[in-house]
Structures are given as C-alpha cells and as structure tokens.
Amino acid sequence: MKTLKFVNEGEWLAARRGKITGSRLKDIIVKRGTDYKIGYYELIAEKLSVLPDEEDPMERGKRLESEAVKRFEHATKKKVNTDLVIWTRDDNENIALSPDGFIGKTEAVEVKCLSSAQHIKAFLTKEIPPEYEMQAVQYFIVNDSLKTLYFVFYDPRVLVKDYFVIPIKREDVAGQVAEYLEYERKILPEIDEIVAKLTNF
C-alpha cells in the first residue's frame, strides 16, 4: 500500500478525482447483467472534464442554454425561435409545454446542461436520462404537428465532447404519446372536480 500525504484539502480533493474511493464504491459496483451506475460515468467525466464549479445547476443551465442553441444553429444551419412561449393543445389548454426553442411547428429543441457524469452517460448510451423521457413525450402530446425533437446536450467542462444532439422522432414515442395523452385527458377532469369541491367548502 502507498500513502499519499497532502498539505491542504484542495490538493486532497484533486487527487481523489478519477479514482474509485470507499465512499464511491457503492456507485460503481453493479449486479451481473445490469447497466453501469452513475459512478462509472463520474469517473470518466472526472478524467475528461475540468474541475466542477460551485454554480447552482439550475442557474448554470439557464446561463448556458443560449450558447447551446447557438451551437445547434451553427451545426444544423437551422434558425431556432427562442421566444418565451407556452404551447397548449388545441383541444385542452391545460395540456401544455414550454419549449426551449422551436423551428416552425414541426421541429423543437430541448436543451440540457447536466452534470458532466450525466452528460457523458447520455453520450455513451445515446439515450436521454430517464427523468426527462416524459418531458420529451410531452412535446409530441402538446404539438400534433411536431415531427422531431432535438435533445441538445451541452457541457463546456467536458473538453472532448462538450456538445451533442439526440434526435427523437414522433414514431419513436408514438405509443407513449397516445398512452400519456389519454391519461392526461382522464386525470384533468378529476383534478377540476376536486378543486371545485374544495373551493365550495
């Protein structure tokens, strides 16, 4: 065993980057036949990215969104409308979505500036994180004309692959669109009924 000694915590933290430590092992070990845990992607991200900053992730996402859209426009030669809007379904305004950007009625852009580990995971798996799957489907639920949603990933801290896009076609999510739309149509009257009862007490 080798012992490494450090003068301060900053050096100690820097030396831990990209290493499997005791506190991290639970995020690395997987059962046979299961996918990698997030710790696997954190190790890759630490070896590829600059040091993380203390900026709030939500604030960072807002700050970088316009940069990501510009990268998309440059790469695709498409002009993205980033007006602050809300889309609603023609037959029910309570089924809605706020797009990050859109190109006419048939294409839209959703930007994600995630942790470097999540960014790397999405790039390697070519899949959007599960927590955003329903958000992606909602684009197609709200806009019947939408053909393609471009899921844009941007993290300038990842020096080798800071930007990439995962396109989602309507046919990729058609089953979910039908299922979730039916559920939304079912649940909204129930919600309105409960609200009406509560306001009449």
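Residues numbered from 1 in each chain as written. Predicted model: local features only at pLDDT ≥ 70, side-chain atom pairs only at ≥ 80, totals over all residues. Heavy atoms only, no water.

**Q** I'm lost on the packing of helix α5 (residues 133-142) against helix α6 (residues 170-199) in this one. Help?
**A** For any two helices packed against each other, the geometry comes down to the angle between their axes and how far apart the axes lie. It is the contact of α5 with α6, at a shortest axis distance of 8 Å, that shows an interaxial angle of 85°. Relative to α6, α5 is oriented roughly perpendicular. From α5, Met134, Val137, Gln138, Phe140 and Ile141 reach across to α6, where they touch Arg170, Val173, Gln176, Val177, Tyr180, Leu181 and Glu184. For the contact of α5 with α6, the class distribution of residues is 8 nonpolar, 2 polar and 2 charged. (Axes fitted to C-alpha atoms, helices over the stretch in contact; angles between N-to-C directions. Helix = DSSP H or I, 4+ residues; strand = E, 2+ residues; numbered from the N terminus. Parallel < 35°, antiparallel > 145°, perpendicular 65-115°, else oblique. Contact = heavy atoms within 4.5 Å. Nonpolar A, V, L, I, M, F, W, Y, C, P; charged D, E, K, R; others polar.)

**Q** What exactly am I supposed to notice about the layout of surface pockets here?
**A** Over the atoms a probe the size of a water molecule is rolled, and this reveals where empty space is left. Space inside the second largest pocket adds up to approximately 220 Å³. As for the second largest pocket, its lining consists of Trp87, Thr88, Arg89, Asp90, Gly104, Lys105, Val142, Asn143, Asp144 and Ser145. The leading source of residues in the lining of the second largest pocket is strand β1 (residues 87-89), at 3 residues. Taken together, the residues of the lining of the second largest pocket break down into 2 nonpolar, 4 polar and 4 charged. (1 Å grid on protein atoms, 1.4 Å probe; cavity = no way out; pocket = protein on both sides within 12 Å on 5 of 7 lines; lining within 4 Å. Points joined across faces, edges and corners; volume = space filled by probe spheres on them.)

**Q** Can you help me understand the environment of Leu124 in this one?
**A** Within the element layout of this structure, Leu124 appears in helix α4 (residues 116-125). A C-alpha to C-alpha distance of 9.1 Å links Leu124 and Tyr41, two positions 83 residues apart in sequence. Discounting residues that sit within four places of it in the chain, Leu124 has contacts with Tyr41 and Ile44.

**Q** Is there a simple way to think about the nonpolar core in this case?
**A** Where a protein is soluble and globular, its nonpolar side chains tend to be buried together. In terms of nonpolar packing, the biggest core is built from 26 residues, with Tyr139, Phe140, Leu149, Phe151, Phe153 and Ile168 touching the most fellow members. For this core, the leading source of residues is α5, giving 6 residues. In this structure Phe153 touches Lys112, Leu114, His119, Ala122, Ile128, Pro129, Asp162, Tyr163, Phe164 and Ile166, once residues within four positions along its chain are discounted. Among the nonpolar cores identified, the runner-up in size contains 13 residues, and Phe72, Cys113, Tyr154 and Tyr163 belong to it. (Core = buried A, V, L, I, M, F, W, Y, C linked by side-chain atoms within 4.5 Å. Buried < 20%, exposed > 50% of the residue type's maximum accessible area, 1.4 Å probe, protein only.)

**Q** I would appreciate a short explanation of the sheet that holds strand β5 (residues 148-154) in the present structure.
**A** Adjacent strands of a sheet form backbone hydrogen bonds with each other and so pair up, either parallel or antiparallel. Read from one edge of the open sheet, 4 strands run β3-β4-β5-β6, paired in mixed fashion. Pairing within the sheet leaves two strands with one partner each, and these edge strands are β3 (101-103) and β6 (163-169). Going across the sheet, the axis of each strand differs from the next one's by a mean of 25°, ignoring polarity. Relative to strand β4 (residues 107-112), β3 runs antiparallel, the two sharing 3 bridges. Note on β4: the bridge partner recorded for Gly101 is Val109. (Pairing = 2+ DSSP bridges.)

**Q** What is the right way to read the environment of Asn143 from this model?
**A** By secondary structure assignment, the location of Asn143 is in the loop between α5 and β5. For Asn143, a relative accessible area of 11% corresponds to the buried category. Sequence separation between Asn143 and Thr88 is 55 residues, and the spatial gap between their C-alpha atoms is 7.6 Å. Setting aside residues up to four positions removed in sequence, Asn143 forms contacts with Trp87, Lys105 and Arg170. At 2.8 Å, the side chain of Asn143 and the backbone oxygen of Lys105 are in polar contact. Looking at Asn143, its side chain comes within polar contact range of the main-chain nitrogen of Ser145, at 2.8 Å. (Polar contact = N/O pair within 3.5 Å; in protein donor to acceptor, adjacent residues only side chain to side chain.)

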